[in-house]
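Examination of the molecular architecture
The residues making up each chain are set out below.
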Amino acid sequence: MRSASIENSLLAILPGKEYQRLRTGLEPVTLILGEVLYEPGQTIRHVYFPNDSLVSLLTLADGHLALEVGLIGRDGMLGLPLVLGHNKSPVRALVQGEGTALRMAAAAFLKQFRLSPALQRALYRYTYTLMAQISQTAACNRFHVVEQRLSRWLLMTQDRVKKDQFRMTQEFLGHMLGVRRVGVTKAAQSLQKLHLIAYNRGEITILNRPGLEAAACACYGIVKDMHDGAVTTQAKRKA
Ligand SMILES: [Zn+2]
């Protein structure tokens, strides 16, 4: 009953007592498209547990070229460096799916983190799956073609926002995938020709999920299996 009302899966997995204690410090916020939550090298002031919002982790090159290395939604938390003893973010965290989240001040979070073994287990597990996602994304960006990467990215987005339709400009997608706008247009057109997606004025609709899974590279399944495995282990421990 309680878990059904908690959208973020890391919070949903906590035992009642530990969740109640954490809840006092959590504040609901709306994350706006394009909002920057962290910049590289800056102090982390809040952690965020997304509900239906979606946040990209971007690594910068030459100070201005940004490439997505990770994607965080209801499956995760922003602010993991705190868990590992660092108070600065190594990456830019950019909201790319507007929605709600629960946030908590860094100091209050660290206090709760030390008090809650279940939160520690959940966040160490999540750190592992995010590391796996980041390293797989590095290989994906280097070896796989834009159509495959775009398909993967759309599937990952759908898993997190749990909707078939979302807003996304081609310019933004270009940043996510590290390609020029024309490359994104070409890839989106080829997925449209196969009737896997519809793309209209910045609105992307997924029309055929199994088809999109077939069009994506294996990186999608590898990361998803790892994540699902971690969640299952965690749920078993809770039970
Ligand atoms: Zn790939």
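The preceding data block contains the structure.
These lines cover the structure that appears in this document, whether it is placed above or below.

Further remarks concern the packing of helix 6 (residues 117-143) against helix 7 (residues 146-161). When two helices pack together, their arrangement is given by the angle between their axes and by how far apart the axes lie. Where helix 6 contacts helix 7, the two axes come as close as 11 Å, and the packing angle between them is 155 degrees. It follows from the interaxial angle that helix 6 and helix 7 lie roughly antiparallel. By crossing handedness, the relation of helix 6 to helix 7 is classed as left-handed. Contacts between helix 6 and helix 7 pair Q133, T137, C140 and N141 from the former with R149, R152, M156 and R160 from the latter. Considering only residue class, the contact of helix 6 with helix 7 consists of two nonpolar, three polar and three charged.

The zinc ion binds to the protein through C140 (SG), H144 (ND1), C217 (SG) and C219 (SG), with metal-donor distances spanning 2.1 to 2.4 Å. Taken in chain order, the donor set of the zinc ion reads C-x3-H-x72-C-x1-C. Of the two residues, C140 sits in helix 6 while C217 sits in the loop between helix 10 (209-215) and helix 11 (219-238), which places them 77 residues apart along the sequence. On the basis of relative accessibility, which here comes to 1%, the residue C140 falls in the buried class.

Attention now moves to the pattern of salt bridges. Within the structure shown, the criterion is met by seven salt bridges. Via salt bridges that share partners, D159, R209 and E213 belong to a single interconnected network.

Leaving glycine out, the prevailing phi sign among residues is negative, and the prevailing peptide bond configuration is trans. Despite not being glycine, K162 has its phi angle at roughly 55 degrees, a positive value. Residues other than glycine seldom take positive phi values, yet H195 does so here, at roughly 60 degrees. Judged by its relative accessible area of 59%, H195 is exposed.

What helix 3 (residues 16-23) keeps buried is the set E18, Y19 and L22. Projected down its long axis, helix 3 shows its buried positions confined to an angular sector of 100 degrees, all on one face.

Taking strand neighbours across the sheet as the criterion, the three strands line up as 8-10-9 in an open arrangement whose pairing is antiparallel. Every other strand in the sheet has two partners, leaving strand 8 (165-167) and strand 9 (197-200) as the edge strands with one partner each. Strand-to-strand twist of the sheet, defined as the mean angle between neighbouring strand axes without regard to direction, takes the value 15 degrees. Where strand 9 lies against strand 10 (residues 203-206), four bridges are found, and the strand directions are antiparallel. Across the sheet, the residue bridging to N200 is E203, located in strand 10.

Of the two faces of strand 9, the one lined by I197 and Y199 is fully buried and the one lined by A198 and N200 carries no buried residue. Where strand 9 hands over to strand 10, the hairpin turn is made up of two residues, of which R201 adopts a positive phi near 45 degrees.

You can see R92 is positioned in strand 6 (residues 92-97). Apart from residues no more than four positions distant in its own chain, R92 is found in contact with V36, Y38, E39, P40, S56, L57, L58 and L60. Within the local environment of R92, its side chain forms a polar contact with the side chain of E39, the two groups lying 3.0 Å apart.

On to the side chain of Q112, then. Summarising the element assignment, Q112 is placed in helix 5 (residues 106-115). Discounting chain neighbours no more than four positions away, the residues touching Q112 are R21, L22, M104 and L119.

In regular strands, side chains alternate between the two faces of the sheet. Summarising burial for strand 3 (residues 46-50): four of the five residues are buried, a large majority. As defined by bridge partners, strand 3 adjoins strand 7 (residues 99-105) across five bridges and the pair is classed as antiparallel. Residue pairing across strands places V47 opposite M104, the latter belonging to strand 7.

Scoring rules and cut-offs
Residues numbered from 1 in each chain as written. Predicted model: local features only at pLDDT ≥ 70, side-chain atom pairs only at ≥ 80, totals over all residues. Heavy atoms only, no water. Axes fitted to C-alpha atoms, helices over the stretch in contact; angles between N-to-C directions. Helix = DSSP H or I, 4+ residues; strand = E, 2+ residues; numbered from the N terminus. Parallel < 35°, antiparallel > 145°, perpendicular 65-115°, else oblique. Left-handed = near helix turned anticlockwise from the far one by under 90°. Contact = heavy atoms within 4.5 Å. Nonpolar A, V, L, I, M, F, W, Y, C, P; charged D, E, K, R; others polar. Donors = N, O, S within 2.8 Å, 3.2 Å for Na, K, Ca; no water. Buried < 20%, exposed > 50% of the residue type's maximum accessible area, 1.4 Å probe, protein only. Salt bridge = Lys/Arg side-chain N within 4 Å of Asp/Glu carboxyl O. Arc of directions from axis to C-beta. Pairing = 2+ DSSP bridges. Polar contact = N/O pair within 3.5 Å; in protein donor to acceptor, adjacent residues only side chain to side chain.

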